[in-house]
Structures are given as structure tokens and as C-alpha cells.
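# Inside the fold
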Amino acid sequence: MFYNRIKDIICHPSRIGLYFKDKVYVIIIHLVLFMGLLFGVAALDSLYKPNSFGRNDSIDISETISNYFDSSKEVVEYKNYKMSGTSELSSGNFTLYVNREIADKNITTYVLVFSEDKVSGYFKGSKEFDEAYSNLDSDYSFTFENISKNNTKDKISFVEFLTPIIEEYEQAHANYIFLTNVGTIIVYYIALLIAMFIFSLLANPVIASKIRIKLVIYDSLIFFVVSSISVLFGATFLMYLALIMAVFYSNITFSHIIKVKVKKG
């Protein structure tokens, strides 16, 4: 029976009306099952995408130091797991503060705050990680002045120092993408249920509201199936197809329902 219901939800919307007597908990179980499918795919997608942060970002920041750091005004040196001096610079999506307070707590870029013995990473004003320099693999050595003068040794040392720190953002970025996708899906789904309820009224206005809600939820589950495929293959247009298919399924379901009146006696 469970297999047949799943098959009808996905492939045979004309038969959905047969399940009008289903208990509420049965419908909730199916809703959670299909919703879990989509959220699971979204979680895997956000976790297993190629790394968004790494060496290239470190190289870009080193080039920014080479081009814009003014050694006549600021001095920054890293040696023996200690960061000395003060500076502030921006490079792409990153803003770096060296022994300075964050100027804007709500800044939307990725912010790295380097203190004497550790670095803290922020995103959208929220702290994502702390990393003590003593936990790094090696005791690197560089100065911003030498990097600005394109000293190869210092530039390589800086990139090696910064890369594992920037990679700390990967998990925070994956979580952000996942939660953003979940929020978008929930908004779409709520709007879809409202639209389906309205279209079902137009297709068959005589069905009782309790039964209508049950069948609308069953018809809406195709949205999660097609959306899972959309996320899995990165095909955004399939998300819109999922919305259209759910409304189409609802129209088929309610068009096939005939209410029969039985005379007593």
C-alpha cells in the first residue's frame, strides 16, 4: 500500500483522490519523507561542492598587499607565532584587520581579524572560528613590507600561512548556502500550497475543505521530487518546472473526482 501511494504521488495524480480517507499522521509522514529527500540532497550539494576558499584567495590577498600596502605608514610582521603591527585592507570578498577592531560589525564580506596570537573569522557580523597561530603546521615568517616589495620568500610564506585559515570558512559557507536554499524552498512551498488550493477550487469547488487540504498536500509532493533533481544537477529551471507540475497534478486530481450523492432509504 505504501509503495502504491508513493507511485501514485509521483506518476499517477489521477489516483490521488483515492486517498481522501487517509489519517492526518499518514499525510504528515509522507510530507516529512519527501521534504527530507530534498533537504538531504541540498545538504549534500552544499557540502560536496568544490572548495570555495583556498590558495587562490590567499594569492589575491598577497597581490593586494603588493599593490596597495603603504610601508611608510604601517608595519606588520609575523614571526615566532606572533603578529605585530597594525593594518586594514580589503581584497575581493575579504577584509583584513591586523591588531585593530572591526569597523563595521554588520559588514557582509568575510572578515579576518588578526590579533597577536590568533586569528578570528567573521561572516555577516557573526564569528565563525578562532584559530591560534600555534596550531598551524609551521612557524612562518613574513612582513607586509617585504610582500609589498614582491619578496618571493615572504609572499610564499604568507600564502602558506593564510591558506589553511581561509579554508576554515568552507564549513560556514556550506551552512550558509544550505540554510539559504532551505529558506527559499520553504517560501516557495508555502506559496505553492496557496496557489494549489485556489486552483483546486476552480477545478472542483464541491470538495470539503478537510479532504481538499489532504489531496493538495499529496499533489504538492511532486514539487520536492523535481526540486531534488534540480538541486542535484544544478538546473535552476527545474525548480520552476516543479511548481508548474504540482499545480498541474492538482488540476488532474480534482478533475477526476466525482462527488456522488446517495439517497437514504
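Report follows, based on the coordinates. Please read these numbers as outputs of a predicted model, since none were measured by experiment.

On to the overall build of the chain, then. Across its full length, the chain holds 9 helices and 8 strands. Here the C-alpha radius of gyration of the chain, 28 Å, is well above what a compact globule of 265 residues would show, namely 18 Å. Taken along its principal axes, the extent of the C-alpha atoms in the chain is 100 × 30 × 30 Å. Here the chain holds 265 residues, and 44% of them are scored as buried. Within the chain, contacts between residues at least 6 apart in sequence are counted, and of these 61% link residues at least 24 apart. Accessible surface, the chain: about 14800 Å² in total, of which carbon and sulfur atoms supply 60%. Counting 25 positive and 26 negative side-chain charges, the chain places the centres of these two groups 23 Å from one another.

Counted under the stated rule, the structure contains 24 aromatic pairs. Look at Phe53 and Tyr169: their rings are 5.9 Å apart centre to centre, the planes differ by 40 degrees, and that puts the pair in the tilted class. One end of the pair, Phe53, is in the loop between helix H2 (24-48) and helix H3 (55-68); the other, Tyr169, is in helix H6 (residues 169-203), and 116 residues separate them in sequence. Among the residues examined, Phe53 registers a relative accessible area of 9% and is labelled buried. Ring geometry for Tyr78 versus Phe161: centroids 4.5 Å apart, planes at 40 degrees, classification tilted.

So, on to the sheet that holds strand E2 (residues 82-85). One open sheet holds the 3 strands; their spatial order is E2-E1-E8, and the pairing between them is antiparallel. Since the sheet does not close on itself, it has two edges, and those belong to E2 and strand E8 (142-143), each with one partner. Pairing of strand E1 (residues 76-79) with E8 involves 2 bridges; the strand directions are antiparallel. Bridge assignment links Glu77 to a residue of E8, and that residue is Thr143.

Note on pairing: side chains with opposite charge can pair once their charged atoms come close. Tallied over the entire structure, the rule returns 8 salt bridges. Across the pair Asp8 and Arg15 runs a salt bridge, and its minimum N-O distance is 3.4 Å. With relative accessibility at 36%, the residue Arg15 sits in the partly exposed group. With a shortest N-O distance of 2.7 Å, Arg55 and Glu160 are connected by a salt bridge. You can see Arg55 sitting in helix H3 and its partner Glu160 sitting in helix H5 (residues 152-166), a full 105 residues away along the chain. Residue Glu160 is classed as partly exposed on the basis of its relative accessible area of 28%. Where salt bridges share partners, they join Glu74, Glu88 and Arg100 into one cluster.

Our focus in this paragraph is the sheet that holds strand E5 (residues 110-114). Ordered in space as E3-E4-E5-E6-E7, the 5 strands form an open sheet in which the pairing is mixed. The sheet terminates laterally at strand E3 (87-91) and strand E7 (126-132), the two strands that pair on one side only. Each strand axis lies, on average, 15 degrees off the axis of its neighbour in the sheet, ignoring direction. Both strand E6 (residues 118-123) and E7 contribute to a ladder of 6 bridges, which runs antiparallel. Pairing of Tyr122 across the sheet is with Lys127, part of E7. Strands strand E4 (94-98), E5, E6 and E7 of the sheet are contacted by H5, whose axis makes an angle of about 125 degrees with E5.

What follows deals with H3. The end-to-end C-alpha distance of H3, which contains 14 residues, comes to 20 Å, matching closely the 20 Å that a straight helix rising 1.5 Å per residue would cover. When we look at burial in H3, the residues that qualify are Asp57, Ser58, Ile61, Ser62, Thr64, Ile65 and Ser66. Structurally, H3 contributes buried residues whose contacts are with E3, E4, helix H4 (144-148) and H5.

We now examine the side chain of Thr253. Considering the arrangement of structural elements, one finds Thr253 in helix H9 (residues 237-255). For Thr253, a relative accessible area of 0% puts it in the buried group. From its side chain, Thr253 meets the backbone oxygen of Pro13 in a polar contact 2.6 Å long. If we ignore the near neighbours within four places in the chain, the residues touching Thr253 are Pro13, Ile16, Gly17, Leu215 and Asp219.

Size it by volume and the largest pocket reaches roughly 310 Å³. Of all the elements, H6 adds the most residues to the lining of the largest pocket, at 5 residues.

Our next topic: unusual backbone geometry. Look at Tyr81: it is not a glycine, yet its phi comes out positive at around 60 degrees. Within the fold, Tyr81 resides in the loop between E1 and E2. With phi around 55 degrees, Lys124 is a residue other than glycine that occupies positive phi space. By secondary structure assignment, the location of Lys124 is in the loop between E6 and E7.

Criteria and thresholds
Residues numbered from 1 in each chain as written. Predicted model: local features only at pLDDT ≥ 70, side-chain atom pairs only at ≥ 80, totals over all residues. Heavy atoms only, no water. Helix = DSSP H or I, 4+ residues; strand = E, 2+ residues; numbered from the N terminus. Rg over C-alpha atoms; globule rule 2.2 N^0.38 Å. Buried < 20%, exposed > 50% of the residue type's maximum accessible area, 1.4 Å probe, protein only. Contact = heavy atoms within 4.5 Å. Areas by Shrake-Rupley, 256 points an atom, 1.4 Å probe, with all protein chains shown as cover. Lys, Arg positive; Asp, Glu negative; His and termini not counted. Charge placed at Lys NZ, Arg CZ, Asp CG, Glu CD. Phe/Tyr/Trp six-rings, centres within 6.5 Å; stacked < 30°, edge-to-face > 60°. Pairing = 2+ DSSP bridges. Salt bridge = Lys/Arg side-chain N within 4 Å of Asp/Glu carboxyl O. Axes fitted to C-alpha atoms, helices over the stretch in contact; angles between N-to-C directions. Expected span 1.5 Å × (residues − 1). Polar contact = N/O pair within 3.5 Å; in protein donor to acceptor, adjacent residues only side chain to side chain. 1 Å grid on protein atoms, 1.4 Å probe; cavity = no way out; pocket = protein on both sides within 12 Å on 5 of 7 lines; lining within 4 Å. Points joined across faces, edges and corners; volume = space filled by probe spheres on them.

These values are about where atoms sit, not about what they do.
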